[in-house]
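So the chains spell out like this:
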Amino acid sequence: MAGEAYGHVPVLAGPALEWLRVKPEGLYVDCTAGAGGHAELIAQRLAGGRLIALDRDPGAVAAVRRRLAQYPNVTVVHANYGELETVLAPLGVAQVDGVLLDVGVSSVQLDDPARGFSFQVPGPLDMRMDTTSVLDAAGYLAQATEDGLVEVLRSYGDVRPARRIARALIARRNAGCLNSTRDVVEAVQEALNISGHVPEEVRTVFQALRMAVNEELKWLEAGIAQALGLLAPDGRLVVIAFHSGEDRVVKQAFAWAARRQRLFHADGRVKTVLEPAFKLLTPKPVVADPDEVRRNPRAKSAKLRAIERIARGAETVS
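Residues numbered from 1 in each chain as written. Predicted model: local features only at pLDDT ≥ 70, side-chain atom pairs only at ≥ 80, totals over all residues. Heavy atoms only, no water.

### Things to note about the overall build of the protein chain
Note the threshold: Every helix listed is a DSSP run of H or I at least four residues long, and every strand listed is a run of E at least two residues long, numbered separately from the N terminus. C-alpha atoms define the radius of gyration, and 2.2 Å times the number of residues to the power 0.38 defines the globule rule. Note on definitions: a residue-residue contact is assigned when non-hydrogen atoms from the two residues lie within 4.5 Å. Shrake-Rupley sampling with a 1.4 Å probe provides the accessible areas, and residues are treated as covered by the protein chains on show and by no other component. Under this rule, positive means Lys or Arg and negative means Asp or Glu; His and the chain ends count for nothing. Note on charges: their place is set at NZ of Lys, CZ of Arg, CG of Asp or CD of Glu.
Assigned secondary structure in the protein chain consists of 14 helices and 10 strands. On C-alpha atoms alone, the protein chain measures out to a radius of gyration of 21 Å, which is about the 20 Å that the 2.2 N^0.38 rule sets for 318 residues. The principal-axis extents of the C-alpha atoms in the protein chain amount to approximately 65 × 60 × 40 Å. Considering only contacts within the protein chain whose residues lie at least 6 apart along the sequence, 66% involve residues at least 24 apart. Of the roughly 14800 Å² of accessible surface on the protein chain, 51% is carried by carbon and sulfur atoms. In the protein chain, 39 side chains carry a positive charge and 38 a negative one; their mean positions are 4 Å apart.

Rendered as structure tokens:
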């Protein structure tokens, strides 16, 4: 597989390409190019079609441009997928045949200690997906309140001892001892009165802080809404999520898009019933099979959902 040649294995690559249903002459957007694994698989299937690949990480953009340089029908853009409409308009794109969103942090980012995403190796308190952004994890923690941290830890990390951990982080910050990823690990250990090993809560604390710094759920909601609006008839949106909060956003957005819409008279009577504009293709999320999980443990938590734009009729109700 192309991705494996670059030391990176794209998650759910087979199902993603299957549900995206790439047509050789189609126009597709990979909103999270990452290491370029999914993007290259799409590009290989195009003949006369076009791929636009986005990523908010400048390093990923440079790497993907090098990787996909052999494909003249590919454009790689440094952009946030929450601004998809703004990105595509200058490129003359009003409709697309498919959009792929592989959300969350990439393995390339996790493996680079200088990015500060991993708790397993010392690194700076950065955690920015877009390294041109002003706010990093250090800046976020410098201005965070205890209540705000508790909400972030609970909402984004499902952290149960959130109050104790938030207090420990604030105490270290106030003492000038919250300057690295190692300091965050030690704060969690202190809060839980644990030494000698790294508790499971550390992983979820890092996850929560990363999601807060990058405003991931906000941008995911915006990206899904804009992608749905850009789909041509029979066009498909495929989203791969790794966190329960992310998957919840996808599930709710898809359910909302696939519902009937009712328009009302001023007196409250139903005026018009609009049939759904989208068809939900995956009532239940698609997950990795045991073989893929063995090859790529990161796939264990991945959930794929897909939706398709359909022609919509209108039924007038008297």
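### So, the packing of helix H10 (residues 181-192) against helix H11 (residues 200-213)
What counts is decided by this rule: Throughout, an axis means a line fitted to C-alpha atoms (over the contacting stretch in the case of helices), and angles, computed between N-to-C directions, take values from 0 to 180 degrees. In this scheme, roughly parallel covers angles under 35 degrees and roughly antiparallel covers those over 145, while 65 to 115 is roughly perpendicular and the rest are oblique. Working rule for handedness: look at the near helix, and if it is turned counterclockwise from the far one by less than a right angle, call the crossing left-handed; if clockwise, right-handed. All amino acids are sorted into three groups, where Ala, Val, Leu, Ile, Met, Phe, Trp, Tyr, Cys and Pro are nonpolar, Asp, Glu, Lys and Arg are charged, and the leftover types, Gly among them, are polar.
Contact geometry of H10 with H11 gives a least axis separation of 10 Å together with a crossing angle of 125 degrees. As judged from the angle between their axes, H10 and H11 are oblique. Along this stretch, H10 crosses H11, giving a crossing that reads as right-handed. Contacts from Thr181, Val184, Val185, Val188 and Leu192 of H10 reach H11 at Glu201, Val202, Val205, Phe206 and Leu209. Across the contact of H10 with H11, the residue classes tally to 8 nonpolar, 1 polar and 1 charged.

### What about the layout of surface pockets?
Put simply, the test is: For cavity detection a 1 Å grid was placed over the protein atoms alone, and a set of points counts as a cavity when a 1.4 Å probe fits there but cannot get out; an open set counts as a pocket when protein lies on both sides within 12 Å along at least five of seven lines, with lining residues being those that have an atom within 4 Å of a point. Grid points are joined across faces, edges and corners, and a volume is the space filled by probe spheres set on the points.
Counted as a void, the largest pocket has a volume near 770 Å³. Lining the largest pocket are 28 residues, with Val105, Leu110, Arg203, Gln207 and Arg210 positioned closest to its centre. Mapped onto the lining of the largest pocket, the elements with two or more residues apiece are helix H6 (107-110), H11 and helix H13 (244-257). Counting residues per element, the lining of the largest pocket draws most heavily on H11, which supplies 5 residues. Of the residues assigned to the lining of the largest pocket, the class counts are 10 nonpolar, 10 polar and 8 charged. Taken as a whole, the second largest pocket encloses approximately 610 Å³ of empty space.

### Remarks on the confidence of the model for the protein chain
Quick reminder of the rule: The quantity called pLDDT is the predictor's confidence in a given residue, expressed from 0 to 100.
In this model, the protein chain carries an average pLDDT of 92, and 95% of its residues clear a pLDDT of 70 or more. In the predicted structure, residues 1-7 sits below a pLDDT of 50 and forms 15 contacts with residues beyond four places in sequence or in another chain.

### Some remarks on the packing of aromatic side chains
For clarity, the threshold we go by: Think of it this way: a Phe, Tyr or Trp ring, Trp meaning its six-membered ring, pairs with another when their centres are within 6.5 Å, and the plane angle makes it stacked under 30 degrees, edge-to-face over 60, tilted otherwise. Charges are assigned to positions over rings by a cutoff of 6 Å between ring centre and Lys NZ or Arg CZ, combined with an angular limit of 35 degrees from the ring normal.
In this structure the tally under the stated criterion is 1 aromatic pair. Consider the rings of Phe119 and Phe206, whose centres lie 5.8 Å apart with planes at 65 degrees: the pair is edge-to-face. On the criterion of sequence distance, the pair formed by Phe119 in the loop between H6 and helix H7 (137-143) and Phe206 in helix H11 is long-range, its members being 87 residues apart. Directly above the ring of Trp256 sits Arg259, whose terminal nitrogen or CZ lies 3.5 Å from the centroid. Above the ring of Phe242, the side-chain terminus of Arg298 is found at 4.2 Å from the ring centroid.

### A closer look at unusual backbone geometry
In most cases, non-glycine residues show a negative phi, while peptide bonds are predominantly trans. Threshold: For every residue, the accessible area (1.4 Å probe, protein chains only) is compared with the maximum for its type, and the residue is labelled buried under 20%, exposed over 50%, or partly exposed between those bounds.
Positive phi is not limited to glycine here, since Asn193 has a value of about 55 degrees. With respect to the helices and strands, Asn193 occurs in the loop between H10 and H11. With a phi close to 50 degrees, Glu215 is a non-glycine residue in the positive phi region. For Glu215, the location among the structural elements is in the loop between H11 and helix H12 (216-230). Residue classification places Glu215 among the partly exposed positions, given a relative accessible area of 39%.

### Here we look at the side chain of Thr282
You can see Thr282 is positioned in the loop between strand S8 (278-280) and helix H14 (290-295). Thr282 has contacts with Trp19, Leu304, Arg305 and Ala306, leaving out every residue within four places of it along the chain.

### Topic: the sheet that holds strand S1 (residues 27-30)
Heads up, the rule is: DSSP bridges decide pairing: two strands pair if at least two such bridges lie between them.
Read from one edge to the other, the open sheet built from 7 strands follows the order S3-S2-S1-S4-S5-S9-S8, with strand pairing classed as mixed. Edge strands, defined here as strands with exactly one partner in the open sheet, are strand S3 (74-78) and S8. The mean inter-strand angle of the sheet, taken between neighbouring strand axes irrespective of direction, is 15 degrees. Strands in contact with H13 are strand S5 (231-241), S8 and strand S9 (303-309); relative to S9, the strand with the most contacts, it is inclined by about 20 degrees.

### What about the nonpolar core?
The following threshold applies: What makes a nonpolar core is a set of buried Ala, Val, Leu, Ile, Met, Phe, Trp, Tyr and Cys residues whose side-chain atoms join them at distances within 4.5 Å.
Counting residues in each nonpolar core, the largest one holds 35 residues, and the members touching the most others are Val29, Val96, Leu101, Leu220, Ile224 and Leu237. Counting residues per element, the ones that place at least two in this core are S1, strand S2 (50-55), helix H5 (84-88), strand S4 (96-102), H12, S5 and H13. Among the elements that take part in this core, H12 stands out by supplying 7 residues, more than any other. Grouped together as the second largest cluster of nonpolar side chains are 34 residues, Ala137, Leu141, Ile170 and Val185 included.

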